[in-house]
Amino acid sequence: MAHGDRERWNAKYEAAWNRAPEPPDEFVLRSLLRLAQPTEAQGASALDLAAGSGRHALDLARRGWLVEAWDVSPVALELLRKRASSKGLLVATRELDLATGAPLDFRRKPFDLVVAVDFLERTLFADFAKLVAPDGHLIFSTFTVDRTGEKPPLRYCLERGELSVALPDFETLATVEQSGRAGLFARRRTNA
Ligand SMILES: C[S@@+](CC[C@H](N)C(=O)[O-])C[C@H]1O[C@@H](n2cnc3c(N)ncnc32)[C@H](O)[C@@H]1O
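Rules of the game
- Residue positions are given per chain, counted from 1 along the sequence in the order it is written.
- Reporting in this predicted model follows two pLDDT cut-offs: at least 70 for local features of residues, and 80 or more for side-chain atom pairs to be given and counted; totals over whole chains, interfaces and linings ignore these cut-offs and use all residues.
- Excluding hydrogens and water, the side-chain values take into account all heavy atoms of the structure.
- Consider each residue's heavy atoms; a residue with any of them within 4 Å of a molecule or strand counts as near.
- N or O atoms closer than or at 3.5 Å make up a polar contact, with two conditions inside protein: a donor-capable atom paired with an acceptor-capable one, and, for residues adjacent in sequence, both atoms drawn from side chains.
- Counting from the N terminus, the helices are the DSSP runs of H or I reaching at least four residues and the strands are the DSSP runs of E reaching at least two.
- Each residue is placed in one exposure class: buried if its accessible area under a 1.4 Å probe, protein chains only, is under 20% of its type's maximum, exposed if it is over 50%, and partly exposed if it falls in between.
- Note on pairing: DSSP must find at least two bridges between two strands before they are called paired.
- Here an axis means a line fitted to C-alpha atoms, over the contact stretch when the element is a helix, while the angle between two N-to-C directions is reported on a 0 to 180 degree scale.
- Throughout, a residue-residue contact means that at least one pair of heavy atoms, one from each residue, lies within 4.5 Å.
- Nonpolar cores were defined as sets of buried Ala, Val, Leu, Ile, Met, Phe, Trp, Tyr and Cys residues, with membership established by side-chain atoms within 4.5 Å.

Draft legend 1. Structural view of the site of the ligand. Close contacts around the ligand come from 18 residues, with Tyr 13, Ala 50, Arg 55, Asp 71 and Leu 98 the closest. A distance of 2.7 Å is found between a nitrogen atom of the ligand and a backbone nitrogen or oxygen belonging to Ala 50. Contact distances for the ligand include 2.8 Å between a nitrogen atom and a backbone N or O atom of Val 117. Elements that contribute at least two residues to the shell around the ligand include exactly α1 (5–15) and α3 (55–62).

Here you go:
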């Protein structure tokens, strides 16, 4: 990642320390409605990628998923843990840079669900088929080049139609592209 980015994100989360958490992304909530709520016996696992302070990780833990949250910002992860503990929820956190360009060093069992919101690192597209278990699900939602305003910078925005062709190992279950955002809800093909 670019020099100074981690510090920039840390400063953002320090400023958010006493603010109320933002609600989860609408497309994520709509997609989750289509997945069965996991039972304790199933022990279904979920990863919140670039989780920030965990608005999705916490929501998933509340719904019964065994959640891991990965992010480059230790401050974001500390805020996430604080919010989890105040709600009696468990979320495992891992601090790592997802933008090194190298394939992820990934030795654990893949996840039943991966959620990635407002984070675009195209070198990771090839890793999604490793992160998501066969028949597992991916929910991706972020800005497109049609967003209004200057943020995020264009290089962190999806091109029109990009998601539908970027992930050939996944079967699309739902997509949306409107008002400067795109979302993909997909199932990993069993033979991928
Ligand atoms: C716009 S926030 C989105 C956070 C969260 N997904 C959400 O929807 O609230 C982007 C997140 O990506 C994280 N991030 C940025 N660059 C990263 C990198 N190279 N590796 C891991 N996380 C990164 C930031 O720390 C920040 O938490």
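Draft legend 2. Inspection of the environment of Glu 22 at higher detail. Note that Glu 22 resides in the loop between α1 and α2 (26–32). What makes Glu 22 exposed here is its relative accessible area of 56%. Note: C-alpha distance between Glu 22 and Ile 139 (117 residues apart in sequence) is 18 Å.

Draft legend 3. Quick look at the pairing of strand β5 (residues 132–143). Burial within β5 is extensive, with nine of its twelve residues counted as buried. Here β5 pairs with strand β7 (residues 181–188) via seven bridges, running antiparallel. Across the sheet, Phe 143 pairs through a bridge with Arg 181, a residue of β7.

Draft legend 4. Local environment of the sheet that holds strand β2 (residues 66–71). Strand order in this open sheet of seven strands is β3-β2-β1-β4-β5-β7-β6, and the pairing throughout is mixed. The sheet terminates laterally at β3 (91–95) and β6 (170–178), the two strands that pair on one side only. Taken over all neighbouring pairs, the strand axes of this sheet differ in orientation by 15 degrees on average, direction set aside. Set on the sheet, helix α4 (residues 74–86) makes contact with β2 and β3; between it and β3 the angle comes to about 170 degrees.

Draft legend 5. The environment of Leu 79, seen in detail. Note on placement: Leu 79 falls in helix α4. A C-alpha to C-alpha distance of 8.8 Å links Leu 79 and Ala 16, two positions 63 residues apart in sequence.

Draft legend 6. Structural view of the nonpolar core. With 26 residues, the main nonpolar core has Leu 49, Trp 70, Phe 128, Leu 131 and Phe 140 as its most contacted residues. Looking at this core, the elements with two or more residues in it are β1 (45–49), β4 (111–117), α5 (128–131), β5 and β7. In contact with Phe 140, not counting residues within four places along its chain, are Phe 27, Ala 116, Phe 119, Leu 120, Phe 125, Phe 128, Leu 158, Leu 163, Ala 182, Gly 183 and Leu 184. Core analysis: the next-biggest nonpolar cluster, separate from the first, contains 24 residues, Leu 32, Ala 44, Val 67 and Val 91 among them.

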